[in-house]
Amino acid sequence: MSPAEQTYRSLNDEITQAGACLVAVSKTRPKERILELYELGHRDFGENRVTELVEKHAALPKDIRWHFIGHLQRNKVKAIAPFVHLIHAVDSERLLREIDKQGKALGREIPVLLQFHIAEEESKYGLDQQAAQALVSALKASPAPNAKITGVMGMATYTDNREQVSAEFKSLAERFEELHNSYFGRSADFREISMGMSGDYPLALAEGSTLVRVGSLLFGGRG
Ligand SMILES: *Cc1c(COP(=O)(O)O)cnc(C)c1O
């Protein structure tokens, strides 16, 4: 077994045994590296740039499940709508409505996650509790059935303080529970908590992550 294969297998086993799914974050990595993992049986890959994703999707096997993990601009939704497996970072009603519109045009329900801002760092991206409630109210009044909300996503603060990171992941799990109880309770499709990256995934698994997004640990260096 090559060192790369060993790294992949032990990481994938650890994450699978914790009941989660590994999303191999392949942004900036060449297609050959994706194919190496594909040959080992891996199918879930994450990208954060639309042009790069479209190009890789066209060139690589069609049974790859492509996760869009970056900030998505509304005018770029159309390019990935036909094939994207899951859009991780929806944080506005306008973006959700655009995904719904493109899904409707294609006759498909596009799975999405609501991104929450859980880190201490300032960020333009991610909902807070109040914004999420406002979004849910808007959806109750006017549903968006072709943008299927299947869970939540968040990123912890980049810090060595493990207690802080764990607390932030816990807060995301709480947001998930609140939404589950208040709005999505009857939907078995609302089940994903996307949290954890190379530096903090064990803490995320301990707090109930179902989707772990790992890049540098798998592919080496910073992506
Ligand atoms: C790049 C990226 C990751 C993976 O980060 P690593 O530290 O390389 O594992 C996970 N999530 C998002 C949103 C990213 O942009």
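Engineer: Which parts of the structure should I look at to understand the overall build of the protein?
Structural biologist: Looking only at helices and strands, one finds nine helices and eight strands in the protein. Computed over C-alpha atoms, the radius of gyration of the protein comes to 17 Å, within 12% of the 17 Å expected from 2.2 N^0.38 for 223 residues, which places it in the range of a compact globule. Projected onto its principal axes, the C-alpha positions of the protein cover 55 × 40 × 30 Å. Within the protein, buried positions represent 51% of all 223 residues. Of the roughly 10900 Å² that the protein leaves accessible, carbon and sulfur atoms contribute 49%. Looking at the protein, you have 28 positive and 30 negative side-chain charges, and the mean spots of the two groups are 7 Å apart.

Engineer: Can you walk me through the nonpolar core in this structure?
Structural biologist: Most often, soluble globular proteins have nonpolar side chains that are buried together. Residues Ile-80, Ile-87, Leu-96, Ile-99, Phe-116 and Leu-218 are the most contacted members of the largest nonpolar core, which totals 60 residues. Among the elements that make up this core, the one with the highest residue count is helix 7 (residues 162-182) (six residues). Beyond its immediate sequence surroundings of up to four residues, Ile-80 is in contact with Val-50, Leu-53, Val-54, Phe-68, Leu-72 and Ile-87. Counting residues in hydrophobic clusters, the runner-up holds five residues, among them Leu-86, Leu-113, Met-153 and Leu-211.

Engineer: Would you take a moment to explain the packing of aromatic side chains for this structure?
Structural biologist: In this description, a pair of aromatic rings is defined by centroid distance and the angle of the planes. Counted according to the given criterion, the structure contains two aromatic pairs. Ring centres of Phe-45 and Trp-66 lie 6.1 Å apart, and the angle between their planes is 45 degrees; this geometry places the pair in the tilted category. Remark: Trp-66 occurs in strand 3 (residues 65-68) and Phe-45 occurs in strand 2 (residues 44-47); sequence separation between them is 21 residues. With respect to burial, Phe-45 and Trp-66 carry one shared label: buried. Ring geometry for Phe-176 and Phe-190: centres 4.9 Å apart, planes at 5 degrees, overall stacked. Within this pair, whereas Phe-176 is found in helix 7, its partner Phe-190 is found in the loop between helix 7 and strand 7 (192-194), the two being separated by 14 residues in sequence. According to the relative accessible area criterion, Phe-190 is buried, its value standing at 2%. Note that Arg-43 overlies the ring of Tyr-38, its terminal NZ or CZ placed 3.7 Å from the centroid.

Engineer: Honestly, helix 5 (residues 93-106) in this entry has me stumped. Any pointers?
Structural biologist: Because each turn of an α-helix spans 3.6 residues, side chains separated by three or four positions end up pointing in the same direction. Its 14 residues place the ends of helix 5 20 Å apart at the C-alpha level, agreeing with the 20 Å of an ideal helix rising 1.5 Å per residue. Taken together, the buried positions of helix 5 are occupied by Leu-95, Leu-96, Glu-98, Ile-99, Asp-100, Gln-102 and Gly-103. Close packing links the buried residues of helix 5 with helix 4 (77-80), strand 4 (86-90), strand 5 (110-116), helix 6 (129-141) and strand 6 (147-154). Looking one or two places after helix 5, you find Gly-107, whose phi comes out positive at around 70 degrees.

Engineer: I would appreciate a short explanation of the site of the ligand in the present structure.
Structural biologist: The local shell around the ligand holds 11 residues, among which Lys-27, Ser-198, Arg-213, Gly-215 and Ser-216 are the closest. At a separation of 2.8 Å, an oxygen atom of the ligand approaches a polar backbone atom of Gly-215. The separation between an oxygen atom of the ligand and a polar main-chain atom of Ser-216 is 2.8 Å. Protein contact buries 91% of the 380 Å² of open area that the ligand shows by itself. The residue makeup of the shell around the ligand, split by class, is five nonpolar, three polar and three charged.

Engineer: Would you explain the pairing of strand 5 in this entry?
Structural biologist: If a strand is regular, its side chains alternate between the two faces of the sheet. Counting buried positions along strand 5 yields seven of seven residues, so the element is predominantly enclosed. Here strand 5 shows no split at all, with Ile-110, Val-112, Leu-114 and Phe-116 on one side and Pro-111, Leu-113 and Gln-115 on the other all buried. With two bridges joining them, strand 4 and strand 5 adopt parallel strand pairing. The residue bridging Ile-87 from the neighbouring strand is Val-112, located in strand 5. Considered for its hand, the β-α-β crossover made up of strand 4, helix 5 and strand 5 is right-handed.

Parameters and conventions
Residues numbered from 1 in each chain as written. Predicted model: local features only at pLDDT ≥ 70, side-chain atom pairs only at ≥ 80, totals over all residues. Heavy atoms only, no water. Helix = DSSP H or I, 4+ residues; strand = E, 2+ residues; numbered from the N terminus. Rg over C-alpha atoms; globule rule 2.2 N^0.38 Å. Buried < 20%, exposed > 50% of the residue type's maximum accessible area, 1.4 Å probe, protein only. Areas by Shrake-Rupley, 256 points an atom, 1.4 Å probe, with all protein chains shown as cover. Lys, Arg positive; Asp, Glu negative; His and termini not counted. Charge placed at Lys NZ, Arg CZ, Asp CG, Glu CD. Core = buried A, V, L, I, M, F, W, Y, C linked by side-chain atoms within 4.5 Å. Contact = heavy atoms within 4.5 Å. Phe/Tyr/Trp six-rings, centres within 6.5 Å; stacked < 30°, edge-to-face > 60°. Lys NZ or Arg CZ within 6 Å of the ring centre and 35° of its normal. Expected span 1.5 Å × (residues − 1). Near = heavy atom within 4 Å. Polar contact = N/O pair within 3.5 Å; in protein donor to acceptor, adjacent residues only side chain to side chain. Nonpolar A, V, L, I, M, F, W, Y, C, P; charged D, E, K, R; others polar. Pairing = 2+ DSSP bridges. Right-handed = clockwise from strand over helix to strand, strands pointing away.

In short, shape yes, function no, at least from these values alone.
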